[in-house]
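Here is how the chains run, residue by residue.
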Amino acid sequence: MKAWVLRQTAPVETEPLELRDVPLPEPGEDEVLVRVNACGICRTDLHVVEGELPPKRPNIIPGHQIVGVIERHGPKAGKYKVGVRVGIPWLHRTDQTCAYCRSGHENLCDSPEFTGYTVNGGYAEYAVAPEGFVYPIPEAFPDLQAAPLLCAGIIGFRSLRLGGLSSATPGFNLGIYGFGAAGHVCLQVARHWGAKVYVATREAKHQQLAQELGAAWAGGAKDAPPEKLDAAIIFAPAGELVPPALAALKKGGTVVLGGIHMSDIPSFVYPLIYQERSIRSVANNTRQDGHDFLRVAAAIPVRTQVQVFAFEQANTALNALKHDGIRGAAVLQLQKPHH
Ligand SMILES: [Zn+2]
Ligand SMILES: [Zn+2]
């Protein structure tokens, strides 16, 4: 099969991914072989390719927002039939035995595998994954629109939950800092739950998309929103946004850090966090988050704005993402849409 292989971590401007012919992966005992229709491009892919996340395995194939169709089962798989459309997410596998897994926190598993990082991902014609960790894709979503739901969407959803937002909190004031793939999905869920959403982002086109999707306000990256916030989610990988986000909170409010990597957070005066304000990060997600999110997303329904790139354009797409050139979410297209 054809696959994009990371030669060596390097700035994406140097095109470190190489299109190669590699052997078709063989599904393990509990795994399925999936023919990839589309694979979303996540900022985490950029961190894998450029080496902000330390390499775990040579010649990795990135990509962890995979939408495809089951072609074959390992001997102990078979819950989903051949031909079923599924999503393969970032959380590839957990050990299901550590203290975190046993207490409902498998997102913090001591021995996890991550798609497109510790095991091969979806910038390829085929991928394998444990059947217990894939999600059936709701019919409402075509392949290209479904792909960004699998990481940007699920992580955004978990970020909302950690910020204290739910269907039972109408009138909640939510701030979103950085408005890309995760932000634009998060906004739609938050509005569905009756929140007012304030978006801080440096790019004019991202501010415009936020307004089109119903943001109550959209301003510059460090601008103070006109209302105090119950929670602020920072999706931009920029630690310097933490102090202004704290300053925008109500008493008792939470800043949620939605990324896997962030530049250093500058020091700040204690009054910014006093009055029971808090900062917390989001690490991965549980499968329950994923199933809950896909159900909510289909009910709303969430509409993802996607910028589609041909499979051959993986390096180009990563460059566009790095330089704020994506409106909504970037997706690699492998198969023409069936829906
Ligand atoms: Zn575990
Ligand atoms: Zn991701």
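Scroll up to find the structure.
Here goes a summary of the coordinates provided. (Residues numbered from 1 in each chain as written. Chains lettered and ligands numbered in written order. Predicted model: local features only at pLDDT ≥ 70, side-chain atom pairs only at ≥ 80, totals over all residues. Heavy atoms only, no water.)

### Re the sheet that holds strand β14 (residues 249-257)
For the record, the criterion: Pairing between strands is defined by DSSP: at least two bridges between them are needed. The way it works is that DSSP assigns letters per residue, a run of H or I at least four long becomes a helix, a run of E at least two long becomes a strand, and they are numbered from the N terminus. Angular values range over 0 to 180 degrees, each being the angle between N-to-C directions of two axes fitted as lines to C-alpha atoms, with helices fitted over their stretch in contact. Every residue pair with non-hydrogen atoms within 4.5 Å of one another is taken to be in contact.
The parallel open sheet is built from six strands, whose spatial order is β12-β11-β10-β13-β14-β15. Each edge of the sheet is formed by a strand with only one pairing partner; in this case those strands are β12 (217-219) and β15 (278-281). Taken over all neighbouring pairs, the strand axes of this sheet differ in orientation by 15° on average, direction set aside. As judged from the five bridges shared by strand β13 (residues 229-234) and β14, these two strands associate in the parallel manner. Bridge pairing in β14 links A231 to T254. Relative to the sheet, helix α4 (residues 152-162) contacts β10 (173-177), β13, β14 and β15, its axis offset from that of β14 by approximately 155°.

### Examining the coordination of the zinc ion (ligand 1)
Defined as follows: Sites may look incomplete, because water is not among the atoms used; the donor set itself consists of N, O and S atoms within 2.8 Å of the metal (3.2 Å for Na, K and Ca). Buried means the residue's accessible area, taken with a 1.4 Å probe over protein chains only, is under 20% of the maximum for its type, while exposed means over 50%, and partly exposed covers the values in between.
The zinc ion (ligand 1) binds to the protein through D95 (OD), C98 (SG), C101 (SG) and C109 (SG); the donor distances cover 2.0 to 2.3 Å. For the zinc ion (ligand 1), the single-chain donor residues occur in sequence as D-x2-C-x2-C-x7-C. In this pair, the class of C98 matches that of C101, namely buried.

### So, the pairing of strand β4 (residues 66-73)
Successive side chains on a regular strand alternate, one facing one side of the sheet and the next facing the other. Where strand β3 (residues 31-41) and β4 come together, seven bridges link them in antiparallel fashion. By the bridge assignment for β4, C39 is matched with I66.

### Describing the packing of α4 against helix α8 (residues 287-299)
For clarity, the threshold we go by: By definition in this entry, angles of less than 35 degrees are roughly parallel, angles greater than 145 are roughly antiparallel, angles of 65 to 115 are roughly perpendicular, and the rest are oblique. Side-chain classes are defined by residue name, with Ala, Val, Leu, Ile, Met, Phe, Trp, Tyr, Cys and Pro counting as nonpolar, Asp, Glu, Lys and Arg as charged, and the others, Gly among them, as polar.
At a minimum axis separation of 9 Å, α4 and α8 run at an interaxial angle of 100°. Comparing their axes, α8 and α4 come out roughly perpendicular. The segment α4 lies against α8, with G153, I154, F157, R158 and R161 engaging D289, G290, D292, F293 and V296. Classifying every residue of the contact of α4 with α8 gives four nonpolar, two polar and four charged.

### As for the packing of aromatic side chains
Applied cut-off: Between rings of Phe, Tyr and Trp, where Trp is taken as its six-membered ring, a pair exists when centres lie within 6.5 Å; planes separated by under 30 degrees are stacked, by over 60 edge-to-face, and by other angles tilted.
Evaluation of the coordinates by the stated rule reveals six aromatic pairs. Between W90 and F114 the ring centres are 4.7 Å apart and the planes differ by 10°, which places this aromatic pair in the stacked class. You can see W90 sitting in the loop between β5 (85-88) and β6 (91-93) and its partner F114 sitting in strand β7 (residues 113-114), a full 24 residues away along the chain. Under the relative-accessibility criterion, W90 is labelled buried at 5%. A centroid spacing of 5.9 Å and a plane angle of 15° characterise the contact between W90 and Y117, whose relative ring orientation is stacked. Separated by 27 residues along the polypeptide, W90 in the loop between β5 and β6 and Y117 in the loop between β7 and β8 (126-130) bring together distant segments of the chain.

### Side note on the coordination of the zinc ion (ligand 2)
Summarising the metal site, the zinc ion (ligand 2) is bound by the protein donors C42 (SG), H64 (NE2) and C151 (SG), whose distances to it range over 2.0 to 2.2 Å. The sequence motif formed by the donor residues of the zinc ion (ligand 2) is C-x21-H-x86-C. Taken together, the residues span a long stretch of sequence, with H64 in the loop between α1 (43-50) and β4 and C151 in the loop between α3 (143-146) and α4 at a distance of 87 residues. Relative accessible area serves as the criterion here: at 7%, C151 is assigned to the buried category.

### Digging into the environment of E15
Note that E15 resides in the loop between β1 (2-6) and β2 (17-21). By relative accessible area, E15 is classed as partly exposed at 42%. Along the chain, E15 and N37 lie 22 residues apart, while their C-alpha atoms are 23 Å from each other. Beyond its immediate sequence surroundings of up to four residues, E15 is in contact with R7 and N315.

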